[in-house]
Amino acid sequence: MGDVPLFASSLEPYHDRLVQAIERVARSGAYILGPEVEAFEREFADYLGVKHCVGVANGTDALTIALRALGVGPGDEVVMPSFTFYATAEATIVAGATPVFCDIDLDSFCVTPETVKAVMTSRTKAIVPVHLFGNVAPVPELRELGVPVLEDAAQAAGAKLDGVKAGALGDAATFSFFPSKNLPCLGDGGAITTNDDDVAELARVLRFHGSQDKTTFIEVGYNSRLDAMQAAALRVLLPELDGWNESRRAVAAAYERLGMAEHAALPSAAGGSRHIYHLYVVRSPHELPLGRGYYRVPVHRQPAIGSDVALPVTEEAARTNYALPMGKDLTEEQVAEVVAACASGST
Ligand SMILES: Cc1ncc(COP(=O)(O)O)c(C=O)c1O
C-alpha cells in the first residue's frame, strides 16, 4: 500500500531528449531570453490559442508582473480566493495592492461570480480566480463584473472551459512550470499570457528591469526572465502535455469506476470545464489513507496575512480535503489499491 506515490509522474522517458536540448543551449552561448525563449513563447501561445506569451522566472513573479501590467498598484484591491497556494496573495502584495479574499464553491474549489461580487468594492481593480487543482473557474461570467480578470492558471495547463483553454479566457493569465506542475520544467519557470498588446509589452518591460533596450529604464521592474535552458526543456515537454492530461483524466475515471465515491466526495469539474487533475482532491470528514490535506490553513489566516474575514466554505474545504495519488503514470492497479485502503481504513 505504502508504495503508491502521491505524485506519479516521471520524466525518465524524456531524459535523453532533455539532455540534448540542454546541450544545444549550452553550446549556443545564449542563456538569457534569446531564440529558445522566443520559440517557446510562440509555441505556448499557439497551444493556448492566445496572442502573447511572456516567459518569466516563476509563477509568483508572473502574478506580480501581470497585475502591474494590468494597471494594478498601491491603493487597489484584488479579489481572490483564500483557498489557494500562498503565492496568489503574496504576489499581489508585492505588486503594492491589497488582496481581498472571497469564498469558494465547495464542489469545484473555485470562486464563483456570487462569491466574488459579495466582496467587491469601488477599489476593486482586478479579480484573480485560481483554477485550483486543474479545474477551471467561471472566467467569462467573472469578466461581466466589470474589472480585469487575471487567471491564476498555475495548476491548469491544458485545462479548458467550453473548448477554450485556461490561459486564454481572461484579460491575462499566469502559469508556473514548477517541476510538480502538469507542464513542468527542470527548475523554476513561469509565463504570462494575454491577447492585449499593451499588457504584453508592459510585462516584457517589467520582467527586464523596466527596460525595452537595456539602456533606458522606464519602470521599476524585476529581473525575472525565463532562462533558455528551461525554455528548451519546455519545448521538449509541451507536445506531451495533452497526452499526459488524458492519462490523468483516465486515472480520475478509474477512481470513479472502482468505487471511490463510496468513501469520499469526488472532485467535480466546474460547469463546462475539462478538468486536468493537477491534483485529485476529494473531501471526507475523516482522514483518508495516503491522502494529503492541502491548504489546511487557508491564506487569509496565515501569519503574514492575519485576516479575520469569515469564509465558511473555505474553512470547510481546508478541513476536509485530501489529495489522493494522481499522475500520468499511475496504474489502474494502484488506483484499486488506494480505493481498497480507503475501504478498509488502513494507512
Ligand atoms: C495556484 C498557484 N499560484 C501560484 C503559484 C506560484 O508558482 P511558482 O512556484 O512557480 O512561483 C503556484 C505554484 O506553486 C500555485 O499553485
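Check the entry above for the structure.
The following paragraphs examine the structure supplied in this document.

Rules behind the numbers
Residues numbered from 1 in each chain as written. Predicted model: local features only at pLDDT ≥ 70, side-chain atom pairs only at ≥ 80, totals over all residues. Heavy atoms only, no water. Salt bridge = Lys/Arg side-chain N within 4 Å of Asp/Glu carboxyl O. Helix = DSSP H or I, 4+ residues; strand = E, 2+ residues; numbered from the N terminus. Buried < 20%, exposed > 50% of the residue type's maximum accessible area, 1.4 Å probe, protein only. Pairing = 2+ DSSP bridges. Axes fitted to C-alpha atoms, helices over the stretch in contact; angles between N-to-C directions. Parallel < 35°, antiparallel > 145°, perpendicular 65-115°, else oblique. Left-handed = near helix turned anticlockwise from the far one by under 90°. Contact = heavy atoms within 4.5 Å. Near = heavy atom within 4 Å. Polar contact = N/O pair within 3.5 Å; in protein donor to acceptor, adjacent residues only side chain to side chain. Areas by Shrake-Rupley, 256 points an atom, 1.4 Å probe, with all protein chains shown as cover. Nonpolar A, V, L, I, M, F, W, Y, C, P; charged D, E, K, R; others polar.

Regarding the pattern of salt bridges
Now for step 1: Under the defined criterion, the tally for this structure stands at 18 salt bridges.
Now for step 2: For the salt bridge of Glu41 with Arg207, the shortest nitrogen-to-oxygen distance reads 2.8 Å. Of this pair, Glu41 sits in helix α2 (residues 35-48) while Arg207 sits in helix α7 (residues 197-207); the two residues are 166 residues apart in sequence, bridging distant segments of the chain.
Now for step 3: You can call Glu41 buried: its relative accessible area is 5%.
Now for step 4: Under the relative-accessibility criterion, Arg207 is labelled buried at 7%.

A closer look at the sheet that holds strand β10 (residues 273-274)
Now for step 1: With antiparallel pairing, the 3 strands of this open sheet are ordered in space as β7-β6-β10. If you trace the sheet from one side to the other, it starts and ends with β7 (164-165) and β10, each paired once.
Now for step 2: As paired elements, strand β6 (residues 160-161) and β10 share 2 bridges and run antiparallel to each other. By the bridge assignment, Leu161 is partnered in β10 with Ser273.

Concerning the packing of helix α3 (residues 59-69) against helix α4 (residues 87-94)
When two helices pack together, their arrangement is given by the angle between the helix axes and by the axis-to-axis distance.
Now for step 1: Remark: α3 packs on α4, axes separated minimally by 8 Å, with the N-to-C direction vectors making an angle of 45°. Judged by the inter-axis angle, α3 sits oblique to α4. By crossing handedness, the relation of α3 to α4 is classed as right-handed. Along its contact with α3, which presents Thr60, Leu63, Thr64 and Leu67, the element α4 presents Ala87, Thr88, Glu90, Ala91, Thr92 and Val94.

Here we look at the site of the ligand
Now for step 1: Around the ligand, a shell composed of 14 residues is seen, among which Gly59, Thr60, Asp152, Ser176 and Lys181 lie nearest.
Now for step 2: In the environment of the ligand, an oxygen atom lies 2.5 Å from a nitrogen or oxygen atom belonging to the side chain of Thr60.
Now for step 3: Lys181 has a polar side-chain atom sitting 3.1 Å from an oxygen atom of the ligand.
Now for step 4: With the chains in place, 91% of the 380 Å² that the ligand exposes on its own is no longer accessible.
Now for step 5: Breaking the shell around the ligand down by element, the ones donating at least two residues are α3 and α4.
Now for step 6: Here the element with the most residues in the shell around the ligand is α3; it accounts for 3 residues.
Now for step 7: Here the residues of the shell around the ligand are counted per class, giving 5 nonpolar, 7 polar and 2 charged.

Observations concerning the pairing of strand β2 (residues 77-81)
Looking down a regular strand, the side chains alternate between one sheet face and the other.
Now for step 1: When you tally the buried positions in β2, you get 5 out of 5 residues, the bulk of the element.
Now for step 2: Burial of β2 is two-sided: the residues Glu77, Val79 and Pro81 facing one way and the residues Val78 and Met80 facing the other way are all buried.
Now for step 3: Of the pairings in the sheet, the one linking β2 to strand β3 (residues 98-102) comprises 5 bridges and is parallel in character. Within the sheet, the bridge partner assigned to Met80 lies in β3 and is Phe101.
Now for step 4: Here β2 pairs with strand β4 (residues 124-127) via 3 bridges, running parallel. Looking across to β4, one finds that Glu77 is bridged to Thr124.

Quick notes on the sheet that holds strand β5 (residues 150-152)
Now for step 1: The sheet built from 4 strands is open, its strands ordered β1-β9-β8-β5 with mixed pairing. Each of the sheet's edge strands pairs with one partner strand only, and the pair in question is β1 (52-56) and β5. When strand polarity is set aside, the average angle formed by the axes of neighbouring strands in this sheet is 20°.
Now for step 2: Sheet analysis places strand β8 (residues 172-176) next to strand β9 (residues 190-194), joined by 4 bridges and oriented antiparallel. When the sheet's bridge partners are listed, Thr174 is paired in β9 with Ile192.
Now for step 3: Sheet contacts for α2: β1, β8 and β9; angle to β1, the most-contacted strand, approximately 130°.
Now for step 4: Across the face of the sheet, α7 comes into contact with β1, β8 and β9 while running at roughly 15° to β1.

Comments concerning α7
Now for step 1: Every buried residue of α7 is listed here: Val199, Ala200, Ala203, Val205, Leu206 and Arg207.
Now for step 2: Where α7 is buried, its residues contact α2, β1, α3, β8 and β9.
Now for step 3: By the N-cap criterion, in which a side-chain oxygen at the helix start approaches the backbone nitrogen of a residue two or three places on, α7 is capped by Asp196, the distance to Asp198 being 2.8 Å.
Now for step 4: One or two positions beyond α7, positive phi appears at His209, with a value near 55°.

Here we look at the packing of α3 against α7
Now for step 1: Closest axis-to-axis distance for the α3/α7 pair is 9 Å, and the angle between their directions is 130°. What the angle tells us is that α3 and α7 run oblique. Crossing hand, α3 versus α7: right-handed. Note on element contacts: α7 touches α3 through Val199, Leu202, Ala203, Leu206 and Arg207, opposite Ile65, Arg68 and Ala69.
Now for step 2: Tallied by class, residues from the contact of α3 with α7 come to 6 nonpolar, no polar and 2 charged.

That's the geometry; what it means functionally is another story.
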